[in-house]
Amino acid sequence: MTDSAAMGAPGRPLSIQARLRNIEPATLIWVALAAVLLVLVAYPMGKLLVSSFETRGTGAFTLDNYMTAYGRARYLEALGNSLMLGLAAAGISVVLAVPMAWAVSRTDMPGKSIVWITVLGAFILPPFLGAIGWILLAGPNAGFLNQFWRWATGLQAPLVNVYSFSGLALVIALHSFPLIFIFVKSALDLVSSEMEDAANILGAGTWTTTLKITLPLVWPAILGGTIVVFLETIALFGTPAIIGIPARINVVTTQLWQFFEYPVRVEVASAYAMPLLLITVVMILAQRLLLNRKGFVSQSGKGGERRPTRLGPWRWPVFGWCACVGIFSVAMPMIVLIQASFAKGWGRGFSWDNLTLRNYEYLLFRHEMAIQSIWNTLIFSSIAATAAVILALLIAYIAARRLVPFAGALGFLAMAPFVIPGIVMAIGFYAAYASPPLALYGTAAIIVMAFVARFLPIAYANSTAAIRAVHPEMEEAARILGSGRMRTVAKITAPLIRKSLLGGWLLVFIVSARELSSAVFLVGPKTLTMAVLIYDLSEAGNFEVVAAMGGLMLVITLVLVGVGMKLAGRDFMLRRD
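Only a predicted model underlies this, so the values are computations on that prediction, with no experimental measurement involved.

Observations concerning unusual backbone geometry
Consideration 1: Each neighbour pair has its own omega, and for Pro 436 with Pro 437 the value is 10°, a cis peptide bond.
Consideration 2: With respect to the element layout, Pro 437 can be found in the loop between helix 22 (422-433) and helix 23 (444-468).
Consideration 3: In this model, Arg 248 sits at a positive phi of 60°, which is unusual for a non-glycine residue.
Consideration 4: Within the secondary structure, Arg 248 sits in the loop between helix 14 (238-244) and helix 15 (252-259).
Consideration 5: Its relative accessible area of 80% is what places Arg 248 among the exposed residues.
Consideration 6: With a phi angle near 50°, Ala 439 is a residue other than glycine that sits in the positive phi range.
Consideration 7: On the secondary structure map, Ala 439 appears in the loop between helix 22 and helix 23.

This is the structure:
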């Protein structure tokens, strides 16, 4: 059809067909993406808010859900415990991570590669597996550390007790400190040595310079990482459930879990989740405000030389601190988990007559759901990672190239789940899609949708950074030669950023495979994932089988991490673009 025909006769409005033909393909894709994001993000969160004011069955407006959610001292105590736990875990994480980041970034400490392996190991080990490892280590009666303490001293009182508030906070911190480490090390890498040299010339020693010059320059990064750990802690389910429930330490996430016991009170759970969402939004806004002051760091001199600080005789004590963090966070939990997975009885310790493959044989050949949970995990995580990367790539491309008006709105919706705790998102999905007519509760569809929504910010941030690295001139050259927009993206842009896309896919796959906070609320009998099965097995107290299941999960994770390092770079999991 000619242009004149498409425009219609002079003085006559265009027909609907002509208007549709004039719409840019990018506009249609924008509309489709907006619809998908509404389904994945906006509707579940809107339904969560609405259901908190609804009467069950009738849908009438009520405030009774809030009265119920905050009408008992036990529920308010759980909220206070979550806040205290978040502060404690964040504070301990700072103590663990900041010296490590400073030592790796600014000093001549030996063994930096070992520290990196430690941080990566702590990041890979799921928090709930680390919690189980510490139960085997520091259980008050049979924990290895307490057994050794009694044998060495003859005392009966335990040395440490993981079933305590301080034990719970320490276990969480041992698996959260990598977040602060990455934030602080990235900031320290930007600080030149010029201001430190000036301080040294004026007579300040190494420690004085570090405390009064270097660390204050990266204070926004320290505070930003602290806020992220605080938010991760108050939204964490696995570790508080495994350690906190037996210790009778009730927190918000475990209380939400109790609202989902029969009879399910999703309206009360929605009301109870609101403070968690509000706290998260407020803290994220504060974090962004502080991180926007990163320019404060660059005042140390752009392009300045960066020389490692010579520690002299302190090189090995500093390495010793980093090694201790690695031993407590990764080595000890991993060793006892491996021992338990190959043991007839984990409390009998390391001996040949205690060695067996029976736990793995039971899971792989006789357990009715173990193999199914492995396949479910692989399939759900693969689909979620693929969908998240495709969505993120299209959104990032439209937003970066400004192909349509309001393209930034798509980016905002794609990043919105970053401020939504996983457990809150799961309740939103339950409220939105569990009831008829869709009735998706317990299906693969709702689990995959929740994983895509939960981890879309990771894929989007990764895709945005990759697309910004590709200059539009190459795409324009292809279009001048007659290639369409979609063909240009497929043949030019995507191949140029495939390494980053692969890294993003693997990262989303790995975090989906170990996701517990949202999966535990949405799985059904036939859609169990490995993380949920491990949690169910831990409730039964059979730690040998739990450790074996954790071993299978770690093998799968390590294989994927190895593939990712080979294809996407050694730091693809710890990269901060």
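Read on, since the account is not over.
Comments concerning the domain arrangement of the chain
Consideration 1: Once the domains are mapped, the chain shows domain 1 (64-294 + 314-347) and domain 2 (358-576).
Consideration 2: Taken together, the contact between domain 1 and domain 2 spans 48 residues of the former and 36 residues of the latter.
Consideration 3: A buried area of about 3,900 Å², summed over both sides, lies between domain 1 and domain 2, and 78% of it is on carbon and sulfur atoms.
Consideration 4: Looking only at domain 1, the three residues that lose the most surface to domain 2 are Phe 123, Ile 124 and Phe 128, adding up to 15% of its buried area.
Consideration 5: The interface formed by domain 1 and domain 2 contains 0 salt bridges.
Consideration 6: In this assembly, domain 1 and domain 2 are joined by 6 residue pairs in polar contact (both at pLDDT 80 or more).
Consideration 7: Secondary structure elements with two or more residues in the side of domain 1 that touches domain 2: helix 6 (112-124), helix 7 (127-138), helix 10 (177-188), helix 14, helix 15, helix 16 (266-291) and helix 18 (315-341).
Consideration 8: With 10 residues, the top contributor of residues to the side of domain 1 that touches domain 2 is helix 16.
Consideration 9: Of the residues in the side of domain 1 that touches domain 2, the class split is 39 nonpolar, 7 polar and 2 charged.

Quick word on a nonpolar patch on the surface
Consideration 1: Taken together, the side chains of Leu 364, Phe 365, Ile 371, Trp 375, Ile 379 and Ile 383 present a nonpolar region at the surface, about 590 Å² in accessible area.
Consideration 2: Elements with a contribution of two residues or more to the nonpolar patch: helix 19 (358-366) and helix 20 (370-401).
Consideration 3: Looking at the nonpolar patch, the element that brings in the most residues is helix 20, giving 4 residues.
Consideration 4: The topology assignment puts Trp 375 in helix 20.

What to know about the packing of aromatic side chains
Consideration 1: Counting across every chain of the model gives 28 aromatic pairs.
Consideration 2: Each ring, one from Trp 134 and one from Phe 328, has its centre 6.2 Å from the other, and the planes form 10°; the classification is stacked. Residue Trp 134 is found in helix 7, and its partner Phe 328 is found in helix 18; the two are separated by 194 residues along the sequence.
Consideration 3: Owing to a relative accessible area of 6%, Trp 134 belongs among the buried residues under this scheme.

Regarding the packing of helix 12 (residues 206-217) against helix 13 (residues 219-234)
Consideration 1: Two numbers describe how helix 12 lies on helix 13: the axes approach to 5 Å, and their chain directions differ by 60°. Of the residues in helix 13, those touching helix 12 at Leu 215, Pro 216 and Leu 217 are Trp 219, Pro 220 and Ile 222.
Consideration 2: Looking at the contact of helix 12 with helix 13 residue by residue, the class counts come to 6 nonpolar, no polar and no charged.

Regarding the pattern of salt bridges
Consideration 1: This model, assessed by the stated rule, comprises 5 salt bridges.
Consideration 2: The closest approach of N and O atoms between Asp 108 and Arg 315, which form a salt bridge, is 3.7 Å. Linking Asp 108 in the loop between helix 5 (73-106) and helix 6 with Arg 315 in helix 18, this pair joins segments that are 207 residues apart in sequence.

What to know about the environment of Tyr 362
Consideration 1: Along the chain, the position of Tyr 362 falls in helix 19.
Consideration 2: Distance from Tyr 362 to Gly 326, taken between C-alpha atoms, is 32 Å for residues 36 residues apart in sequence.

The rules we used
Residues numbered from 1 in each chain as written. Predicted model: local features only at pLDDT ≥ 70, side-chain atom pairs only at ≥ 80, totals over all residues. Heavy atoms only, no water. Helix = DSSP H or I, 4+ residues; strand = E, 2+ residues; numbered from the N terminus. Buried < 20%, exposed > 50% of the residue type's maximum accessible area, 1.4 Å probe, protein only. Domains from an automatic or database assignment. Contact = heavy atoms within 4.5 Å. Buried area = accessible area lost by both parts, 1.4 Å probe. Salt bridge = Lys/Arg side-chain N within 4 Å of Asp/Glu carboxyl O. Polar contact = N/O pair within 3.5 Å; in protein donor to acceptor, adjacent residues only side chain to side chain. Nonpolar A, V, L, I, M, F, W, Y, C, P; charged D, E, K, R; others polar. Patch = residues over 30% accessible without salt bridge, like charges linked within 9 Å, V, L, I, M, F, W, Y side chains within 5 Å. Areas by Shrake-Rupley, 256 points an atom, 1.4 Å probe, with all protein chains shown as cover. Phe/Tyr/Trp six-rings, centres within 6.5 Å; stacked < 30°, edge-to-face > 60°. Axes fitted to C-alpha atoms, helices over the stretch in contact; angles between N-to-C directions.

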